[in-house]
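# Commentary on secondary and tertiary structure
Residues per chain are reported as follows:
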Amino acid sequence: MSATPRTLAHRAALIAATATAALVLSACGGGTDSGSAASAGAATSAAAGADTAGDTYNAQDVTFAQGMIPHHQQAVQMARLAADRASSAQVKDLAARIEKAQDPEIETMTGWLRSWGKSMPMSGMAGMGDSNMPGMMSSSHLAGLKKMSGKEFDTMFLTMMIEHHKGAVEMATTEKNKGRYGAATSMADGIITAQNAEIAEMNKMLGKS
């Protein structure tokens, strides 16, 4: 489910899978994100508290926001590449929807951390190759994606984004089960629903449905 603790062997399998999937994708027509060092520190030190509206939050809520912000940021980075690299209208449409959904969530989570007086994720985490967050792509994977175009890009983008979404669902499930802040658990539930649906959509594009 994760592209991280499963390490380079699993990530290598991602790239290998693209060669087979590319043939299926070419037939498609037009169409219709464990935390970082900062997150880990917050998880161990953040005590339960209340925001300015009086709604309580706990350490898991803080960890969720601190981890999901860079996770979403990386998904948005990947999605923005599709505008001038993807050949499939379906891929371009999906990428636009991912960016439209996740940008506002990044702003919302940033607002939570500010209101709670908690630290923000380190700048540049979205491209870190040594992140322990589920589904995060390495810097080398992102660099490789940037060099691709056409059907090759489409296939690799979908393959990577499926893995990225699975990681986001894993993180969101933990928040839904262990978080306390209502808005955060609600967002987590929405992430699970939306990204599972997109995983199914992307698998279909790759002929894996």
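Fair warning: this is a prediction, and the values are worked out from it, not measured in the lab.

## Overview of the overall build of the chain
- When its secondary structure is counted, the chain shows seven helices and two strands.
- When the elements of the chain are put in sequence order from the N terminus, they spell out α-α-β-β-α-α-α-α-α.
- Here the chain holds 209 residues, and 47% of them are scored as buried.
- Surface accessibility of the chain: about 9,200 Å² in total, with carbon and sulfur atoms responsible for 55%.

## What to know about the side chain of Asp 61
- Considering the arrangement of structural elements, one finds Asp 61 in helix 3 (residues 59–85).
- Although buried, Asp 61 forms no salt bridge, and the nearest oppositely charged side chain, Arg 180, lies 6.1 Å from it.
- Within polar-contact distance, the side chain of Asp 61 engages the backbone nitrogen of Tyr 181 at 2.8 Å.
- Non-local contacts of Asp 61, meaning those with residues more than four positions away in its chain, are made with Thr 56, Trp 116, Glu 175, Gly 179, Arg 180, Tyr 181 and Ala 184.

## A short note on helix 7 (residues 182–205)
- Over its 24 residues, helix 7 extends 35 Å from the first C-alpha to the last, a length consistent with the 34 Å expected when each residue adds 1.5 Å.
- All of the buried residues in helix 7 are Ala 184, Met 187, Ala 188, Ile 191, Ile 192, Gln 195, Glu 198, Ile 199, Met 202, Asn 203 and Met 205.
- Just downstream of helix 7 lies Gly 207, where phi reads positive at about 75°.

## Comments concerning the environment of Ala 86
- Inspection of the secondary structure puts Ala 86 in the loop between helix 3 and helix 4 (89–116).
- Distance in space between the C-alpha atoms of Ala 86 and Thr 155 is 9.2 Å, their sequence separation being 69 residues.
- Sequence-distant contacts of Ala 86, defined by excluding residues within four places in its chain, comprise Val 91, Lys 92, Phe 153 and Asp 154.

## What to know about helix 3
- Between its first and last C-alpha, helix 3 extends 40 Å over 27 residues, near the 39 Å set by a 1.5 Å rise per residue.
- For helix 3, the tally of buried residues reaches 21 of 27 residues, placing the bulk of the element in the interior.
- The N-cap of helix 3, judged by a side-chain oxygen 3.2 Å from the amide nitrogen of Gln 60 a few residues on, is Asn 58.

## A look at the packing of helix 4 against helix 6 (residues 150–178)
- At a minimum axis separation of 11 Å, helix 4 and helix 6 run at an interaxial angle of 35°. Pair helix 4 / helix 6 crosses with left-handed handedness. Seen from helix 4, the contacting residues are Val 91, Leu 94, Ala 95, Ile 98 and Gln 102; seen from helix 6, they are Asp 154, Phe 157, Leu 158, Met 161 and His 165.
- Looking at the contact of helix 4 with helix 6 residue by residue, the class counts come to seven nonpolar, two polar and one charged.

## A look at the nonpolar core
- Ranked by internal contacts, the top residues of the largest apolar core, which has 49 residues, are Phe 64, Trp 112 and Phe 157.
- Of all the elements in the fold, those that place two or more residues in this core are helix 3, helix 4, helix 5 (139–146), helix 6 and helix 7.
- With near-sequence residues (within four places) excluded, Trp 112 lies in contact with Phe 64, Ala 65, Tyr 181, Ala 183, Ala 184 and Met 187.

## Focus: the packing of aromatic side chains
- This structure, assessed with the given rule, holds five aromatic pairs.
- When the ring of Trp 112 is compared with that of Trp 116, the centres are 6.1 Å apart and the planes differ by 25°; the resulting orientation is stacked. With a gap of four residues between them, Trp 112 and Trp 116 both fall in helix 4, about one helical turn apart.
- Plain terms: the ring middles of Trp 116 and Tyr 181 are 5.1 Å apart, the flat faces sit at 85° to each other, and that makes the pair edge-to-face.

## Points about the pattern of salt bridges
- Overall, the coordinates contain six salt bridges when judged by the stated rule.
- Across the salt bridge formed by Arg 85 and Asp 84, the nearest N and O atoms sit 3.2 Å from each other.
- The partner of Asp 93 in a salt bridge is Arg 97, and the shortest N-O contact between them spans 2.9 Å. Remark: Arg 97 and Asp 93 occur in helix 4; sequence separation between them is four residues, near one turn of the helix.
- Under the relative-accessibility criterion, Arg 97 is labelled partly exposed at 29%.
- Sharing partners across several salt bridges, the network here consists of Arg 80, Glu 99 and Asp 103.

The rules behind each value
- All chains use their own residue numbering, which begins from 1 and follows the written sequence.
- With pLDDT at 70 or above as the cut-off, local features in this predicted model cover only qualifying residues; side-chain atom pairs require 80 or more to be listed or tallied, and sums for whole chains, interfaces and linings still use all residues.
- The basis for every side-chain value is the complete set of heavy atoms in the structure, and neither hydrogens nor water enter the calculation.
- Numbering goes from the N terminus for both helices and strands, where a helix is a DSSP run of H or I of at least four residues and a strand is a run of E of at least two.
- When a residue's accessible area, from a 1.4 Å probe over protein chains only, is under 20% of the maximum for its type it is buried; when over 50% it is exposed; and in between it is partly exposed.
- The protein chains shown are the only cover counted for residues, whose accessible areas, like all others here, come from Shrake-Rupley with a 1.4 Å probe.
- Within this scheme the basic residues Lys and Arg register as positive and the acidic residues Asp and Glu register as negative, but His and the chain ends are omitted.
- We define a salt bridge as a side-chain nitrogen of Lys or Arg found within 4 Å of a carboxyl oxygen belonging to Asp or Glu.
- Here a polar contact is recorded for every N or O atom pair within 3.5 Å, except that within protein the pair must consist of a potential hydrogen donor and a potential acceptor, and residues adjacent in sequence are included only if both atoms are side-chain atoms.
- Whether two residues are in contact is decided by their heavy atoms, any of which lying within 4.5 Å being enough.
- Here the expected span of a helix is defined as 1.5 Å times the quantity of residues minus one.
- Comment: axis = line fitted to C-alpha atoms, over the contacting stretch for helices; angle = value between 0 and 180 degrees taken between N-to-C directions.
- Helix crossings get a hand from a simple test, with the near helix turned counterclockwise from the far one by less than a right angle marking a left-handed crossing and a clockwise turn marking a right-handed one.
- Gly is placed with the polar residues, together with every amino acid not listed as nonpolar (Ala, Val, Leu, Ile, Met, Phe, Trp, Tyr, Cys and Pro) or charged (Asp, Glu, Lys and Arg).
- The nonpolar core is taken to be a set of buried Ala, Val, Leu, Ile, Met, Phe, Trp, Tyr and Cys residues, with the residues joined through side-chain atoms within 4.5 Å.
- Two rings from Phe, Tyr or Trp (for Trp, the six-membered ring) form a pair when their centres sit within 6.5 Å of each other. Planes less than 30 degrees apart are called stacked, planes more than 60 degrees apart edge-to-face, and all others tilted.

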